[in-house]
Amino acid sequence: MPKAYVFTRFGGPEAEALVEQDRPSPGPGQVLVAVRAAGVNPVDWKQRTGHSRPGGPARELPAVFGNEVAGVVEEVGTEVTGFAVGDEVFGNPVAGGYAEYALLPVTVTAHKPAELSYEDAATLPVAAATAYDGVRQLDLPEGATLLITGAGGGVGVAATQIARAFGVRVIGVASDAKKDFVESLGAVHVPSGPDLAERLRGAAPDGVDGVFDLVGGEVQEAAATLLGDPAKLITGADRRTAARLGGGPVERARNAAVLDEVAKLVVEGKLRPFVTQTFPLDRAGEALRTVEDGHARGKIVIEVGG
């Protein structure tokens, strides 16, 4: 029977297990994918603790980990057009992706360009798509300045590259340890830590045109002091603080068109996925710990089958 890495209850790592499950069957508007790679993200372990997306459905237990995959279409459900058995695809699974098989709704599934590896494609549907949505939402003109907090994390790294591809100047807040990395992306690095507001004013004495916050709290508040228009503050981390400051959340498109766009940026060399470690499915727990412990640099991917 096919294997999957699941959490059997809400809690810590002790709730995780590699199990055998029946091969799923696609429903209307879905494709069954033989998974070749699954991206690992902080939201994965947060869901194990009971976190859910605002407005999202409650998870039934046991629940398969993972929110982004790449693989090969094995079966096509009814009401599906544009996809056929054997197609190489990537997207957001219905209910987990750390598995040998996953169901994907075609609304958030895209064809994988031949130039993309499965590992790189599997990193795009969560962090890169969120970054793309946020940069597009801010809609800054070429030559404008965007401040990104958490610029060294998964979404921040992608947002920095996407903004630079659109001709936007980027100031990135990240730890001192990530200074060289953030600067290699084309951003001006500002170290995080105490007295951040003062350092930000030094880096942008005339203020900034937009803030893409990925940290929240006091860091978001410090970043907002550089904005003339509070509406140009968006966050993927702290909606409550953003609302108080006059900003709002990243508005996710969650569609295949965005996946096509981020894949195109990778193919054109404008966006690098930065896959730094891969793990087999039977070591999915180690992959998750690498992200959960906060020490990962770049993207972590689980390789499945193939």
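Read on for a plain summary of the structure.

Parameters and conventions
- Residues numbered from 1 in each chain as written.
- Predicted model: local features only at pLDDT ≥ 70, side-chain atom pairs only at ≥ 80, totals over all residues.
- Heavy atoms only, no water.
- Helix = DSSP H or I, 4+ residues; strand = E, 2+ residues; numbered from the N terminus.
- Rg over C-alpha atoms; globule rule 2.2 N^0.38 Å.
- Buried < 20%, exposed > 50% of the residue type's maximum accessible area, 1.4 Å probe, protein only.
- Areas by Shrake-Rupley, 256 points an atom, 1.4 Å probe, with all protein chains shown as cover.
- Lys, Arg positive; Asp, Glu negative; His and termini not counted.
- Charge placed at Lys NZ, Arg CZ, Asp CG, Glu CD.
- 1 Å grid on protein atoms, 1.4 Å probe; cavity = no way out; pocket = protein on both sides within 12 Å on 5 of 7 lines; lining within 4 Å.
- Points joined across faces, edges and corners; volume = space filled by probe spheres on them.
- Nonpolar A, V, L, I, M, F, W, Y, C, P; charged D, E, K, R; others polar.
- Phe/Tyr/Trp six-rings, centres within 6.5 Å; stacked < 30°, edge-to-face > 60°.
- Lys NZ or Arg CZ within 6 Å of the ring centre and 35° of its normal.
- Pairing = 2+ DSSP bridges.
- Core = buried A, V, L, I, M, F, W, Y, C linked by side-chain atoms within 4.5 Å.
- Contact = heavy atoms within 4.5 Å.
- Polar contact = N/O pair within 3.5 Å; in protein donor to acceptor, adjacent residues only side chain to side chain.
- Salt bridge = Lys/Arg side-chain N within 4 Å of Asp/Glu carboxyl O.
- Axes fitted to C-alpha atoms, helices over the stretch in contact; angles between N-to-C directions.
- Left-handed = near helix turned anticlockwise from the far one by under 90°.

The subject of this paragraph is the overall build of the chain. Counting its secondary structure elements, the chain contains 10 helices and 16 strands. Relative to the 2.2 N^0.38 estimate, which gives 19 Å for 306 residues, the radius of gyration of the chain is 19 Å and therefore close to what a compact globule would have. C-alpha extents for the chain along the principal axes are approximately 60 × 40 × 35 Å. Across the 306 residues in the chain, those meeting the buried criterion constitute 50%. As displayed, the chain has an accessible area near 13400 Å², and 48% of this comes from carbon and sulfur atoms. Between the centroid of the 29 positive side chains of the chain and the centroid of its 40 negative side chains there is a distance of 3 Å.

This brings us to the layout of surface pockets. Here the second largest pocket defines a volume of roughly 250 Å³. Looking at the second largest pocket, it is lined by 17 residues, and the ones nearest its centre are Gln21, Pro24, Val64, Ala95 and Tyr101. Here the lining of the second largest pocket is composed, by residue class, of 11 nonpolar, two polar and four charged.

All told, the structure shown has six aromatic pairs when counted by the stated rule. With 5.6 Å between their ring centres and 25 degrees between their planes, Tyr5 and Phe65 make a pair best called stacked. Of this pair, Tyr5 sits in strand E1 (residues 3-7) while Phe65 sits in the loop between strand E4 (63-64) and strand E5 (69-76), and the two are 60 residues apart along the sequence. As far as burial versus exposure is concerned, Tyr5 and Phe65 are alike and both buried. Residue placement shows Lys112 over the ring face of Tyr118; its charged tip is 4.8 Å from the ring centre.

Here we come to the sheet that holds strand E12 (residues 210-213). Read from one edge to the other, the open sheet built from six strands follows the order E11-E10-E9-E12-E13-E14, with strand pairing classed as parallel. This sheet does not close on itself; its edge strands, each paired only once, are strand E11 (188-191) and strand E14 (248-249). Sheet analysis places strand E9 (residues 145-149) next to E12, joined by three bridges and oriented parallel. Paired with Leu146 across the bridge in E12 is Gly210.

Okay, the nonpolar core next. Membership of the largest hydrophobic core comes to 43 residues, with the highest contact counts inside it found for Phe90, Leu124, Leu146, Ile148, Ile162, Phe212 and Leu271. Tallying contributions element by element places helix H3 (residues 124-138) first for this core, with eight residues. Residues within four places of Leu146 in sequence aside, it is in contact with Leu138, Leu140, Ala163, Val168, Arg169, Val170, Ile171, Gly210, Val211 and Phe212. Counting residues in each nonpolar core, the second largest holds 27 residues, with Tyr98, Leu281, Val291 and Val304 among its members.

With that settled, consider the environment of Leu271. Mapped onto the elements, Leu271 comes out in the loop between helix H9 (256-267) and strand E15 (275-280). For the pair formed by Leu271 and Ala158, sequence separation is 113 residues and the distance between their alpha carbons is 6.9 Å. In this structure Leu271 touches Leu124, Ala128, Ala158, Gln161, Ile162, Val262, Leu265 and Val266, once residues within four positions along its chain are discounted.

The strand order across the open sheet formed by three strands is E2-E1-E4, and the pairing between neighbours is antiparallel. Two strands in the sheet have a free side with no partner beyond their single neighbour: strand E2 (16-20) and E4. Inspection of the sheet shows E1 paired to E2 by five bridges, in the antiparallel sense. Pairing of Val6 across the sheet is with Ala17, part of E2.

With respect to the helices, strands and loops of the structure, Thr149 is situated in strand E9. Its relative accessible area of 1% is what places Thr149 among the buried residues. A distance of 2.7 Å separates a polar atom in the side chain of Thr149 from a polar atom in the side chain of Asp213. Those residues in contact with Thr149 that lie beyond four places of it in its chain are Val173, Phe212, Asp213, Leu214, Val215, Val219 and Ala223.

The next thing to look at is the pattern of salt bridges. Pairs may arise between side chains of opposite charge once their charged atoms sit close together. Taken as a whole and judged by the stated rule, the model has 13 salt bridges. A salt bridge links Arg283 to Glu286, with the nearest nitrogen and oxygen atoms 2.9 Å apart. A cluster of three or more residues bridged by salt bridges with shared partners is formed by Glu16, Arg48, Arg289 and Glu292.

This paragraph deals with the packing of helix H6 (residues 196-203) against helix H7 (residues 217-224). Where H6 contacts H7, the axes come no closer than 9 Å and their chain directions differ by 35 degrees. When you trace H6 past H7, the crossing you get is right-handed. Of H7, the residues touching H6 (which contributes Leu196, Ala197 and Leu200) are Val219, Ala222 and Ala223. A class-by-class count of the residues in the contact of H6 with H7 yields six nonpolar, no polar and no charged.

This brings us to unusual backbone geometry. What is expected of a backbone is that most residues other than glycine have negative phi and most peptide bonds are trans. Leu61 connects to Pro62 through a cis peptide bond whose omega is -5 degrees. Tracing the backbone through its elements, the reader meets Pro62 in the loop between helix H1 (42-48) and E4. Its identity as a non-glycine residue notwithstanding, Asp139 has a phi of 50 degrees, on the positive side. Structurally, Asp139 can be placed in the loop between H3 and E9.

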